[in-house]
Each structure stands twice: as structure tokens, then as C-alpha cells.
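# Breakdown of the fold
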Amino acid sequence: MTLRILALVVCSAISGSAWAQNPGSPDTQKDSMPCMAGMAMPGCPQTNVAPTQGPGTRPIITLQEPENPDKHTGENLPAPELLRDATARPTMGLSDFESLADANNPTLKEAKALVRRSQEQAHQAGLYPNPSVGYQGEQIRGGSYGGGEQGGFIQQTIVLGGKLGLRSNIYGQQAKSDQIGVDEQTYRVHGDVQQAFYAALTAQEEVRLRRRLLGVALDAVGTVHQLANVGQADAPDVLQTEVEAEQAKVDYETAQREYLGAFRSLASVAGKPDLLVSPLQGELEKLPDLNAEEMVERIASESPTVRRAVQEVAVAQARLKDAKRENVPDLQLRAGEQYNGEQVSTNPIKSAGAQSFATAGISIPIWNRNQGNIKTSKAEVERAEQAVTQERLRLRNLALPLAQSYLSAKFEAERYKNQLIPRATRAYELYLEKYQSMAQAYPQVLVSQRTLFQLQISYVNALHRTWRSAVALENFTLSGGLDSPMSSGSPASGINLPNSGGGTE
């Protein structure tokens, strides 16, 4: 009689939730995991209900052993409500966190700074060398004779062969590579934000499920204590239900802390580590429908890392083209005016006077034709071309297991939703009916109840695994949203210095 009443209490608590409905019903199809009325937790709307005590705080009779009223084992401590303040804040969706990341994630700003750096290096490399001016004196003599030549000159290096444009083009190609790096880093950041969001959304859903289980366990404790007070339940019934309730409290507290940790990790990736914990708004059950094989091919051909590897070939080719042209010598021009003090007559005394001079010179590339650098650049082009193939193979190797993981997790989630959970719900109902007709022992009812809740938790975890693989595939397997972006060039600031005569660094 006692356990039958207890089972009826548990049944009423379970049957009030959507999980006890027929999964094929319209209500279940619309929202298979609705919030319970008055549920104070992230993602659950609050209804206008009279203030009640939360899980673990409802008053219960402390009598544990009717035959030994003074015997008490443990205490009736409430389950902590760690998310009470969070429920009052507005919900946040995935797009909110992606917008925060776009504005605040430091690695995106780093990637854009790398583009500007390469652009300015290209500008500096193409600047023409400065002219030189100076004084020149020759055969200077003093005394009564005087004489000598003194004057000034201007000197200019004329860069031939279009070398300045070729040098600038190297850094221009690097700037294009760094611009692809911005796209690459954006995928890394968005991928990490999405992974963290669905991890937090899963943790939020588990909080909801754990709270429901705790509510059922506490209802059972309240009922069995009332029955014990009137002599209709004995000590094992009371202690066993209290054990179930205490375990539910522990699981509920653990689920809340997992949500807090997941939310703060999400906020950090978004660049706002001080963001207050808030409820999340998302559709965990609305799984993306991906063609896994097509996704693998797309990753291997369109990934930003592949496009960047292709662009690095262009950078290497620009270096080779410049190396081949660097053996073209520059023209050195020099011209000036001077006064020649040499006496050309003694009576009257007359000096040679003003005169001009000019020189032009060019080096002859006999011994050094830049042949070593040319061969080095050719080897670098070959290496860059092989790096494209290597990157495609690497990405394919990463994407293939992810595609299978996505298909496996999606299949598992669908089976939980459409096959396992409906059967577990029906099994629980049948066990309860048999118990009510005295054809089944209560422990089996309790086992079927636990099985049902565990399947719900497993279903949520399967959804998370599906999202995790799908997000990785949709973001070209890229991750590391807080890792520094890679640069195509170097942070050199000695390119084409004003006094270098127009040469490379």
C-alpha cells in the first residue's frame, strides 16, 4: 500500500512532463523537451505562480525510523541554486556571441594588423633610393701658389630592371596571404564560439533534466515521510527515498557548475570574460543536415588554409622573379660644380675658375649573378607547391573521421528520440500499471524510471556530439580562436632603409 502510493506520486510527477507523452504526438514534435511550469533556470520562461520553495528546500518531516524516532542519519540540506540570478537576465543566442567575438576577440585584430604590416612593407620596398649630396676637393694647395679643385656634387642611384616593383610585389603577395589569414582566423574564432555555445547549451539542458529528476525525488521523499508519520511506511522506505533525493541534489549541483564553467569559457572565446552568466537561447534538437562526403571534399579544396597555401606559392614565385632580376646592375650617376684654383697665367694672375664634372658607372655581373639566391627561390617554389598537396591531404585526414563521427552521433540521437525513449517511457508506464495491480515489485518501477532519465541525458549528449562534429566540418576543422594567427612574412622593419641605397634588407 505504501509503495503503491509512492509510485503514484512519482507517476504524477513524470507524466506531467513531455517525456512521458507519446513522442509521435504533435505537442512532442513541436517541443520534445519543454520547460516545466515555474522552472527557475536558464532557458525556461517564468510563469506567474505563487512563490514556492525550490528543490531541496521544501519542508519535510524529519522522522526517518518510525520505530526509533530519535535516530537520524544525515541532514536535510537544500540543493544549491547557483543559477538563480542568471535566470533574471535576458537570454543570449549564438549570433550574440559571434558578434561579441568579432568585436572583442584579440586574435582577429592581430590578423588584421598583419595585413596592414605587409601592405606597409610593400610600400617601403618600392620606395626609390635617396640622392646624396656632398663636398669634393682635390689637389688642394695653400701658400702663394694656391690652386686645387673644390666644389659640391649630387649623386643618385638609378635602379634598373624594375627591381623596386618586384621587391614590392613580394610583400604585396604576402599581404594577400595575410588577408586570407583573416578569413582563416575568423573561422577559427567562430568555430570555437559555436563549439563553446553548444557545449553550454547542452549543459543548460542537463541542468533542466537534473532539476526535473530532483523534483520527482523530493516529491517521493515528502510523500514517504507523510506516510511514515501515520505509520504506513517503514525505515527502509524512508532512507532509500532520501538517498535517491540526496544523489539527485548532488547531480543537480554538478550540472549547474558545469553550465557555469561552460558559459564562462564561451564568454572568454568571445573576448568578454567578465560577461555575466545568462540563459542561452538555442535549438539543440534542430540538427544541421550535412552531406558528409561533400563536406570532406569542400574542406580539402576550399579551406582557408588551402587557399593560403596556394597563395604562398604566389609569394615564392614573386621571390623567384625578383631574384632573377636582381643581377641587373644599377646605374650610379654623379655630377657637380667646382672651382679650380690652378693658375693658368701669371700676368695677370688668372685661375682656371669654375668647372663641371660628371661620372656614370655600372657594375658588371661577372662573378656574382645572384645564382645561389635564384636556385634557393626555385627550391622554395617547389616546396610551396608540395605544401598545397600536403595541406589538402592533412585536411582530408582530419575531416574523414569527423564526417563519420557526425553521422554516427546523428544516428544515435535519432534513435534515442524516436526509438529508445518512447520504449523506455512505455516500459515505465507498464511497470507502474503492473505494480498498481500487484503484479510487479516497486524496485522495477524505480529501475525503469532511472533508465528513462538516463536515456534523456544520453540523448542530450548525443545531440552535443552531433553539433560538435557538424561545427568542426562547417568551419573547415579550424580551431584555436585564442591562438595567435600565423603570418606570411616576418616582422622585419629594416626593409629598404633610407641609407641603404635602395637595396633589400
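Residues numbered from 1 in each chain as written. Predicted model: local features only at pLDDT ≥ 70, side-chain atom pairs only at ≥ 80, totals over all residues. Heavy atoms only, no water.

### Some points on helix 3 (residues 94-104)
Where we set the bar: Here's how the labels work: a residue is buried when its accessible area is under 20% of the maximum for its type, exposed when over 50%, partly exposed in between, all with a 1.4 Å probe on protein chains only. Secondary structure elements follow DSSP: runs of H or I of four or more residues count as helices, runs of E of two or more count as strands, with numbering from the N terminus. When we speak of the arc, we mean the arc of directions from the helix axis to the C-beta atoms. Any pair of residues with heavy atoms lying within 4.5 Å of one another is described as a contacting pair.
Within helix 3 the residues assigned to the buried category are L94, F97, E98 and A101. Across the axial projection of helix 3, the buried residues extend over an arc of 100 degrees, all falling on one side. Next to the buried residues of helix 3 lie helix 4 (106-125), helix 5 (163-229) and helix 6 (235-269).

### A word on the packing of aromatic side chains
Put simply, the rule is: Each aromatic pair joins two rings of Phe, Tyr and Trp (for Trp, the six-membered one) with centres within 6.5 Å, and gets the label stacked for planes under 30 degrees apart, edge-to-face for over 60, and tilted for any other angle. Both a distance and an angle decide whether a charge sits over a ring: NZ of Lys or CZ of Arg must be within 6 Å of the ring centre and within 35 degrees of the ring normal.
Under the counting rule described, the total for this entry stands at six aromatic pairs. Between Y259 and F263, the ring centres sit 6.2 Å apart and the planes meet at 45 degrees, which makes this aromatic pair tilted. Residue Y259 and its partner F263 are located together in helix 6, separated by four residues, close to a single helical turn. Judged by relative accessible area, Y259 falls into the buried class, the value being 0%. Given a relative accessible area of 0%, F263 falls into the buried group. Taken together, the ring pairs in this structure connect F97, F197, Y198, Y259, F263 and W467 into an aromatic cluster. Lying over the aromatic face of F153, R334 brings its terminal NZ or CZ to 3.9 Å of the ring centre.

### Focus on the pattern of salt bridges
The following threshold applies: Each reported salt bridge corresponds to a side-chain nitrogen of Lys or Arg within 4 Å of a carboxyl oxygen of Asp or Glu.
As enumerated under the stated definition, the model contains 20 salt bridges in all. Of the charged contacts in the structure, one is a salt bridge between R211 and E81, with a shortest N-O distance of 2.9 Å. Of this pair, R211 sits in helix 5 while E81 sits in the loop between helix 2 (26-30) and helix 3, and the two are 130 residues apart along the sequence. For the pair R211 and E81, one class covers both residues: buried.

### Regarding a nonpolar patch on the surface
Here is the rule we go by: Within this analysis, patches are made of residues with over 30% relative accessible area and no salt bridge. Like charges are joined at 9 Å or less; nonpolar side chains (Val, Leu, Ile, Met, Phe, Trp, Tyr) at 5 Å or less. Per-residue and other accessible areas were derived by the Shrake-Rupley procedure at a 1.4 Å probe size, with only the shown protein chains allowed to occlude residues.
On the surface, I364, I366 and W367 cluster together into a nonpolar patch covering about 430 Å² of accessible area. On the secondary structure map, I364 appears in the loop between strand 4 (349-362) and helix 9 (371-436). Here I364 falls in the exposed class, since its relative accessible area comes to 65%.

### Describing unusual backbone geometry
One non-glycine residue, F476, lies in the positive phi region at around 60 degrees. Relative to the elements of secondary structure, F476 occurs in the segment after helix 10 (442-474). Residue F476 is classed as buried on the basis of its relative accessible area, which comes to 2%. Backbone geometry places N496, a non-glycine residue, at a positive phi of 50 degrees.

### Some thoughts on the environment of R415
Relative to the helices and strands, R415 resides in helix 9. With relative accessibility at 42%, the residue R415 sits in the partly exposed group. Sequence separation between R415 and Y459 is 44 residues, and the spatial gap between their C-alpha atoms is 8.8 Å.

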